[in-house]
Amino acid sequence: METMLRNAFQLLGRSRTANLMARKYGLRLGAGRFVAGQSVEQAIQAVRKLNAEGMKATLDHLGEFVGTGEEAAESARMCIRTLEAIADSGVDSNLSLKLTSLGLDLGEDLCMRNMRTILETARKYGNFVRIDMEDSSHCQMTLDLFRRLRSEYENVGVVIQAYLYRSGQDVEDLKALRANLRLVKGAYKEPPAVAFPHKNQVDDNFRKIIRQQLESGNYAAIATHDETVVEDMIAFIRERGIPNDAFEFQMLYGIAEHLQRRLVREGYRVRIYVPYGADWFGYFMRRLAERPANVWFVMKNWFRK
């Protein structure tokens, strides 16, 4: 049953029709737990609350489907608007974005132009931009573009997903760039030809690439809600004497809030990934697909209505 639900949510999340229908109704069925709102003002308010609890943030203006250069330019404008709102409000937040929302599928040159504009704005405000990783078909393109940008900008990082076989080699290859990496398990459905098919294999590789990045001396953003992984990494960090300013823990808005607060109390740097925007549906479906507890949360909201 759980597998069927996960597959159904993943399929819905990739549906442009379902996405457009969801936009008509606003945040529904508990989506507000995982998405901070549809406007940048709502997102900034959510970040203020996190900052007050001792947590940093990274804001992501959601956009799942970009089919024209004009749509990619609008997505870039929203990224710039987000950076401006962060600067104007004084909240402690970076920016996260997806290259497909900036036109990657329409042409690398278009995407590069949009990224340079965003990174120039971020540099002006002394801020940092994280490139999210998407499905495996975009992995090499994303890393190639990141390498080009990293040669021009200090204030850009990227994500590596542990469920791909290639990830250990990618971490090694990026070491010379002194790349700031967010390390995640991965939330897309992938074939066994490119990704580990079993959870324990993904978990083992996740620990491996985190240790790899920490030992490289390059900044590690450890993105997980898995308390066992958190405890294992804290033990490794203490054993190796890795300073607290060499890494941070990252978690998603609305998930494992008890763990977020506990890590803050223990003196660790914690950053919350805060998504917002009208195109919230695809992101919401991936959150439901990756964790059964999220599915039951939504089902309860459905029956209440």
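Residues numbered from 1 in each chain as written. Predicted model: local features only at pLDDT ≥ 70, side-chain atom pairs only at ≥ 80, totals over all residues. Heavy atoms only, no water.

A. Local environment of the packing of aromatic side chains. The final tally for this structure, using the stated rule, is 4 aromatic pairs. A centroid spacing of 6.1 Å and a plane angle of 45° characterise the contact between Phe247 and Tyr268, whose relative ring orientation is tilted. Separated by 21 residues along the polypeptide, Phe247 in strand E7 (residues 247-252) and Tyr268 in the loop between helix H10 (257-265) and strand E8 (270-276) bring together distant segments of the chain. Assigned by exposure class, Phe247 and Tyr268 land together as buried. When the ring of Phe249 is compared with that of Tyr268, the centres are 5.8 Å apart and the planes differ by 90°; the resulting orientation is edge-to-face. Here Phe249 is found in strand E7, whereas its partner Tyr268 is found in the loop between H10 and E8, with 19 residues between them in sequence. Residues Phe249 and Tyr268 agree in their burial class; the two are buried. Chaining the aromatic ring pairs together yields one cluster made of Phe247, Phe249 and Tyr268. (Phe/Tyr/Trp six-rings, centres within 6.5 Å; stacked < 30°, edge-to-face > 60°. Helix = DSSP H or I, 4+ residues; strand = E, 2+ residues; numbered from the N terminus. Buried < 20%, exposed > 50% of the residue type's maximum accessible area, 1.4 Å probe, protein only.)

B. The arrangement of helix H5 (residues 108-124) in detail. Helix length check: H5 (17 residues) gives 24 Å between terminal C-alpha atoms against 24 Å at 1.5 Å per residue, within 8%. Every buried residue belonging to H5 is among Leu110, Cys111, Met112, Asn114, Met115, Ile118, Leu119, Thr121 and Ala122, and all of these are buried. On its buried face, H5 sits against helix H4 (69-89), strand E2 (93-97), strand E3 (129-131), helix H6 (139-150) and strand E4 (156-161). Just past H5, the residue Gly126 takes up positive phi, approximately 70°. (Expected span 1.5 Å × (residues − 1). Contact = heavy atoms within 4.5 Å.)

C. Structural context of helix H7 (residues 167-174). Residues of H7 that are buried include every one of Ser167, Gly168, Asp170, Val171 and Leu174, and no others. In an axial view of H7, the angular spread of the buried residues amounts to 160°, which keeps them on one side of the axis. Those residues of H7 hidden inside the fold are in contact with H6, E4, strand E5 (181-184) and helix H8 (199-216). (Arc of directions from axis to C-beta.)

D. The side chain of Asn155, seen in detail. Relative to the helices and strands, Asn155 resides in the loop between H6 and E4. For Asn155, a relative accessible area of 9% puts it in the buried group. Within polar-contact distance, the side chain of Asn155 engages the backbone oxygen of Asn127 at 3.2 Å. If near-sequence neighbours (up to four positions away) are discounted, Asn155 is found in contact with Leu119, Ala122, Arg123, Asn127, Phe128 and Val129. (Polar contact = N/O pair within 3.5 Å; in protein donor to acceptor, adjacent residues only side chain to side chain.)

E. How the structure looks around the packing of helix H3 (residues 40-52) against H4. Two elements in contact, H3 and H4, have axes whose closest approach is 10 Å; the angle formed by their N-to-C orientations is 45°. Considering the angle they form, H3 stands oblique to H4. For the element pair H3 and H4, the recorded crossing hand is right-handed. Together, Val40, Glu41, Ile44 and Arg48 of H3 and Arg81, Thr82, Ala85, Ile86 and Ser89 of H4 make up the contact between the two elements. Classifying every residue of the contact of H3 with H4 gives 4 nonpolar, 2 polar and 3 charged. (Axes fitted to C-alpha atoms, helices over the stretch in contact; angles between N-to-C directions. Parallel < 35°, antiparallel > 145°, perpendicular 65-115°, else oblique. Left-handed = near helix turned anticlockwise from the far one by under 90°. Nonpolar A, V, L, I, M, F, W, Y, C, P; charged D, E, K, R; others polar.)

F. Molecular detail of the nonpolar core. Leu97, Met115, Ile118, Ile131, Phe247, Leu263 and Val274 are the most contacted members of the largest nonpolar core, which has 91 residues in total. Setting aside chain neighbours within four positions, we find Ile131 in contact with Leu97, Leu99, Met115, Thr142, Phe146, Leu149, Val156, Gly157, Val158 and Val159. (Core = buried A, V, L, I, M, F, W, Y, C linked by side-chain atoms within 4.5 Å.)

G. Spotlight on the sheet that holds strand E6 (residues 220-223). The strand order around the closed barrel built from 8 strands is E1-E2-E3-E4-E5-E6-E7-E8, with neighbouring strands paired in parallel fashion. Within the sheet, the average angular offset between the axes of one strand and its neighbour, ignoring direction, is 30°. As paired elements, E3 and E4 share 3 bridges and run parallel to each other. When the sheet's bridge partners are listed, Ile131 is paired in E4 with Val158. Helix-sheet contacts for H4 involve strand E1 (56-61), E2 and E8, and the interaxial angle to E2 is about 170°. Packing against the sheet, H5 makes contact with E2, E3 and E4, and its axis sits at approximately 150° to E3. (Pairing = 2+ DSSP bridges.)

H. The arrangement of the packing of helix H9 (residues 227-240) against H10 in detail. Relative orientation of the contacting elements H9 and H10 amounts to 15°, with a least axis distance of 12 Å. Comparing their axes, H10 and H9 come out roughly parallel. When the axes of H9 and H10 are compared, the crossing they make is right-handed. Of the residues in H10, those touching H9 at Glu227, Val230, Glu231 and Ile234 are His258, Leu259, Arg262 and Leu263. Class assignment of the residues belonging to the contact of H9 with H10 gives a composition of 4 nonpolar, 1 polar and 3 charged.

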